[in-house]
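Okay, here's what each chain looks like letter by letter:
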Amino acid sequence: MIALRNLTKTFRLHGRRKVVADDITALFPSRVSVGLLGRNGAGKSTLLKMIAGTADPTSGDILSDGQISFPVGFAGSFHPDMTGAQNTRFVARIYGANTDALTAYVDDFAELGSHFHLPIRSYSSGMRSRLAFGVSMGLAFDTYLIDEITAVGDASFKRKSKQVFTDRMSRAGSIFVSHSIGMIREMCTAGAVLENGKLDYFDDINEAIERHSYNMKT
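So, here is what we can say about the structure in this document. Per-chain numbering applies: the sequence of each chain, read as written, is numbered from 1 onward. Since the coordinates come from a predicted model, pLDDT governs what is reported: local features require at least 70, and pairs of side-chain atoms require 80 or more to be given and counted, while whole-chain, interface and lining totals use all residues. Remark: hydrogens and water are excluded; side-chain values derive from all non-hydrogen atoms of the structure.

### Considerations on helix 3 (residues 99-110)
Its 12 residues give helix 3 an end-to-end C-alpha distance of 16 Å, which sits within 8% of 16 Å, the value for a rise of 1.5 Å per residue. Every buried residue of helix 3 is listed here: Thr-99, Leu-102, Thr-103, Val-106, Phe-109 and Ala-110. Along the axis of helix 3, the buried residues cluster in a sector spanning 140°; they form a single face. In helix 3, those exposed residues whose orientation departs by more than 90 degrees from the buried face are Asp-100 and Asp-108. Side-chain atoms alone can form a polar contact between residues adjacent in sequence; in general such a contact is a pair of N or O atoms within 3.5 Å, and within protein one must be able to donate a hydrogen while the other accepts it. Only DSSP runs of H or I covering at least 4 residues are called helices, and only runs of E covering at least 2 are called strands; the numbering of each starts at the N terminus. Two or three places before Asp-100, at the start of helix 3, stands the capping residue Asn-98, its side-chain oxygen 3.1 Å from that residue's backbone nitrogen. A positive backbone phi angle near 55° is found at Glu-111, which sits one or two residues after helix 3. Expected span of a helix, by definition, is 1.5 Å for each gap between consecutive residues, and there is one gap fewer than residues. Exposed residues in this analysis have more than 50% of their type's maximum accessible area, buried residues have under 20%, and partly exposed residues fall in between, with area computed by a 1.4 Å probe over protein chains only. Here the arc refers to the directions that run from the helix axis out to each C-beta atom.

### Some remarks on the sheet that holds strand 4 (residues 59-64)
When DSSP finds at least two bridges between two strands, those strands are taken to pair. Ordered by their spatial adjacency, three strands build an open sheet running 2-1-4, and the pairing between neighbours is antiparallel. Edge positions in the sheet fall to strand 2 (16-28) and strand 4, since each has one partner strand and no second. Pairs of neighbouring strands in the sheet enclose a mean axial angle of 25°, with direction left out of account. Contacts: residue pairs with any heavy atoms within 4.5 Å of one another. To obtain an axis, a line is fitted to C-alpha atoms, over the contacting stretch when the element is a helix, and the angle between two such axes runs from 0 to 180 degrees between their N-to-C directions. Along the sheet face, helix 1 (residues 44-52) touches strand 1 (2-13), strand 2 and strand 4 and points at about 125° away from the line of strand 1.

### Quick look at the sheet that holds strand 8 (residues 198-202)
The strand order across the open sheet built from five strands is 5-6-3-7-8, with neighbouring strands paired in mixed fashion. For this open sheet the edge positions go to strand 5 (143-147) and strand 8, each flanked by a neighbour on one side alone. When strand polarity is set aside, the average angle formed by the axes of neighbouring strands in this sheet is 20°. For strand 7 (residues 190-195) and strand 8, the ladder comprises five bridges, and the chain directions are antiparallel. Bridge pairing in strand 8 links Val-193 to Asp-200. Taken strand by strand, helix 1 contacts strand 3 (33-37), strand 5, strand 6 (173-177), strand 7 and strand 8, and its axis lies near 155° from that of strand 5.

### Some details on the packing of helix 3 against helix 5 (residues 155-169)
It is at 11 Å that the axes of helix 3 and helix 5 come closest, and there the two elements cross at 140°. With respect to each other, helix 3 and helix 5 are oriented oblique. Across the interface between the two elements, Tyr-105, Asp-108, Phe-109 and Ala-110 of helix 3 pack against Phe-157, Lys-160, Ser-161, Val-164 and Arg-168 of helix 5. When residue character is reported, Ala, Val, Leu, Ile, Met, Phe, Trp, Tyr, Cys and Pro are called nonpolar, Asp, Glu, Lys and Arg charged, and the others, Gly included, polar. Looking at the contact of helix 3 with helix 5 residue by residue, the class counts come to five nonpolar, one polar and three charged. In what follows, roughly perpendicular refers to angles from 65 to 115 degrees, roughly parallel to angles under 35, roughly antiparallel to angles over 145, and oblique to any angle outside these ranges.

### Some remarks on the nonpolar core
Only buried residues count toward a nonpolar core, which is a set of Ala, Val, Leu, Ile, Met, Phe, Trp, Tyr and Cys residues joined through side-chain atoms within 4.5 Å. The biggest cluster of nonpolar side chains holds 39 residues, and the ones touching the most others in it are Leu-131, Val-135 and Ile-146. Among the secondary structure elements, those contributing two or more residues to this core are helix 2 (84-94), helix 3, helix 4 (125-137), strand 5, helix 5, helix 6 (181-187) and helix 7 (205-217). At six residues, the largest contribution of residues to this core is made by helix 4.

### Focus: the packing of aromatic side chains
The aromatic pairing rule takes the rings of Phe, Tyr and Trp, using the six-membered ring of Trp, and pairs them if the centres are within 6.5 Å, calling planes under 30 degrees apart stacked, those over 60 edge-to-face and the rest tilted. Tallied over the full model, the rule gives eight aromatic pairs. Their ring planes at 90° and their centres at 5.5 Å tell us that Phe-141 and Tyr-144 sit as a pair that is edge-to-face. Residue Tyr-144 is classed as buried on the basis of its relative accessible area, which comes to 2%. In this structure an aromatic cluster arises from ring pairing among Tyr-105, Phe-109, Phe-133 and Phe-157. In this structure, Arg-130 packs its charged tip against the face of Phe-157, placed 5.3 Å from the ring centre. Its guanidinium or amino end placed over the ring of Phe-109, Lys-160 lies 4.7 Å from that ring's centre, counting from NZ or CZ. Charge-over-ring contacts are defined here by two conditions on Lys NZ or Arg CZ: a distance within 6 Å of the ring centre and an angle within 35 degrees of the ring normal.

Shown next as structure tokens:
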């Protein structure tokens, strides 16, 4: 379970005040895959970062009774001067996982070849995303934060990512961001729509998609 309580996030953009979260109170249930919808610039990625604890809210609280993953898909998840393998081992130690087991899993899953032993700064954005997804899926979390990651790679990698994600969702929950409505509908059962700093939660993903589609037309 993840609870947002009077969550507010504002910042300055080109001299103007931008409101990402405006006194949001909402509940994300345990073991539910929630599609987070909103127009470009609505603040979906910022909201994920706050839930993960990598960005601070202006005010309010985020409470959870389980372990939350780092926000998969963000370039800032890893140290750029460390190799993919070194970053993987570092994350394993942070979460108390077996370093050798996680490194072997990620090396096989991410399909980076020799790049796995090169510094992250030499990676393309797609390579970083594949590494991040592999590390996240190799660890046991109660809630996974996913941002467009399953769109990375060729058809084979996409199928593999979907299979692993589906397996994890059989015993965990997620907050899933994607610009693909088809992907959202396929991967999620519930939805939340972020619009003008307000968040509306829907138990039915189709109702969330309908609200988002309406917002996009206005």
